[in-house]
Amino acid sequence: MLPLNPPGEQLGKVNAVLSGRGTRYYVPDFEGCLSIKTVTEGTALWEADHRRFPLSEDSWLILNDRQRYSITIDSFTPVTTFCLFFERGFVEDIYRVCVTPSKKLLDSAEPDAASTVSFFTRIEPGGPLIDRLQRFRSDLATGTMAQVEWDQTFQQIAEFLDRKSTRLNSSHIT
C-alpha cells in the first residue's frame, strides 16, 4: 500500500505524500523531514527560519530535515496542498550514489549515517519539478499506481534535487 496521507509518525520513515483540501488548517512549530511543499489550488503560508513563504500553484518550497516550520491555510475558497516527504537519508543516499565512484560504492555499500544534504529555504518558480509533481498527482488520482512507479518517482525527484544548484552544503561522501 502506498503511503498516501499516512499517520504523522510515519513521516521521515517512508517516502510519503500528504495532500489535503480545505479552507482552514494550522500546524504550528512542526519538526519535519526533508520535504517539498506545493499548492495545486489557492494559497497556503509556510513559515520557517523566521520568514514567510506564501505558495500558490506555480511555485514550490523545500524544507530541510529537522527544520521547524508552521503551515497556515485561512481562505474563503478551498486550498489544495500536495507535499512530498522523504524518508530520512533517501535523498542523501541518491546523492552519494551519484557522486561516489563505483569502486568506492562497492567497497562501502552502506551510507555514512552522518551524511546530510541541505538546501536553501526559498520559494522556487514552477519549472520541471512542478510539471513532474503534477504528473505524479495525476497518476495517483487514477488509483492504479504500483509501488515500483511510486519508488521511481521519488528517486527521479531526489535526483532532480541533487542536481539543483540550491545545495547549501553537504558532508563530503567521497
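See above for the structure.
Every value quoted in this text rests on a predicted model; they were computed, and no experiment measured them.

Trainee: I'd love a proper account of helix H4 (residues 147-163), names of residues and values included.
Mentor: If you check H4, its first and last C-alpha atoms are 24 Å apart, about what 17 residues at 1.5 Å a residue would give, namely 24 Å. All of the buried residues along H4 are Trp150, Thr153, Phe154, Ile157, Ala158, Leu161 and Asp162.

Trainee: So what's going on with the environment of Phe30? Residues and values would help.
Mentor: Within the secondary structure, Phe30 sits in strand E1 (residues 16-31). Taking C-alpha positions, Phe30 is 5.2 Å from Arg68, a pair spaced 38 residues apart along the chain.

Trainee: Which residues make up the pattern of salt bridges, and what values do they have?
Mentor: Scanning the model with the defined rule gives seven salt bridges in all. Ionic pairing is found between Arg24 and Asp74, a salt bridge with its closest N-O pair at 2.8 Å. Placement of Arg24 in strand E1 and of Asp74 in strand E6 (residues 68-85) is noted, with a sequence separation of 50 residues between them. Through salt bridges with shared partners, one network takes in Asp29, Glu31, Arg66 and Arg68.

Trainee: Account for the nonpolar core, naming residues and giving values.
Mentor: Ranked by size, the top nonpolar core spans 25 residues in total, and within it Val17, Ile36, Leu84, Phe86, Phe136 and Phe154 carry the most contacts. When residues of this core are traced back to their parent elements, those giving at least two are strand E5 (59-63), E6, helix H1 (90-99), strand E7 (117-119), helix H3 (127-141) and H4. Not counting residues within four places of it along the chain, the set of residues in contact with Leu84 comprises Ala16, Val17, Leu34, Ser35, Ile36, Leu133, Phe136, Phe154 and Ile157. Ranked by size, the runner-up nonpolar core spans 17 residues in total, among them Trp46, Leu63, Ile73 and Cys83.

Trainee: Go over the environment of Leu63 with me, naming the residues and quoting the values.
Mentor: By secondary structure assignment, the location of Leu63 is in strand E5. The exposure class assigned to Leu63 is buried, which follows from its relative accessible area of 0%. Sequence-wise, Leu63 and Cys33 are 30 residues apart; in three dimensions their C-alpha atoms are separated by 7.7 Å.

Conventions adopted
Along each chain, residue indices are assigned from 1 in the same order as the chain's sequence is written. Residues qualify for local features only when their pLDDT is at least 70, as the model is predicted, and side-chain atom pairs are given and counted only at 80 or more; totals for whole chains, interfaces and linings, by contrast, use all residues. Excluded from the side-chain calculations are hydrogens and water; all other atoms, namely the structure's heavy atoms, are used. Starting at the N terminus, helices and strands are each numbered in turn, a helix being any DSSP run of H or I of at least four residues and a strand any DSSP run of E of at least two. The span expected for a helix works out to 1.5 Å for each residue beyond the first. Note on classification: 1.4 Å probe, protein chains only; a residue is buried when its accessible area is under 20% of the maximum for its type, exposed when over 50%, partly exposed between these limits. Any Lys or Arg side-chain nitrogen located within 4 Å of an Asp or Glu carboxyl oxygen qualifies as a salt bridge. Nonpolar cores were defined as sets of buried Ala, Val, Leu, Ile, Met, Phe, Trp, Tyr and Cys residues, with membership established by side-chain atoms within 4.5 Å. Residues count as neighbours in contact if any of their non-hydrogen atoms are within 4.5 Å of one another.

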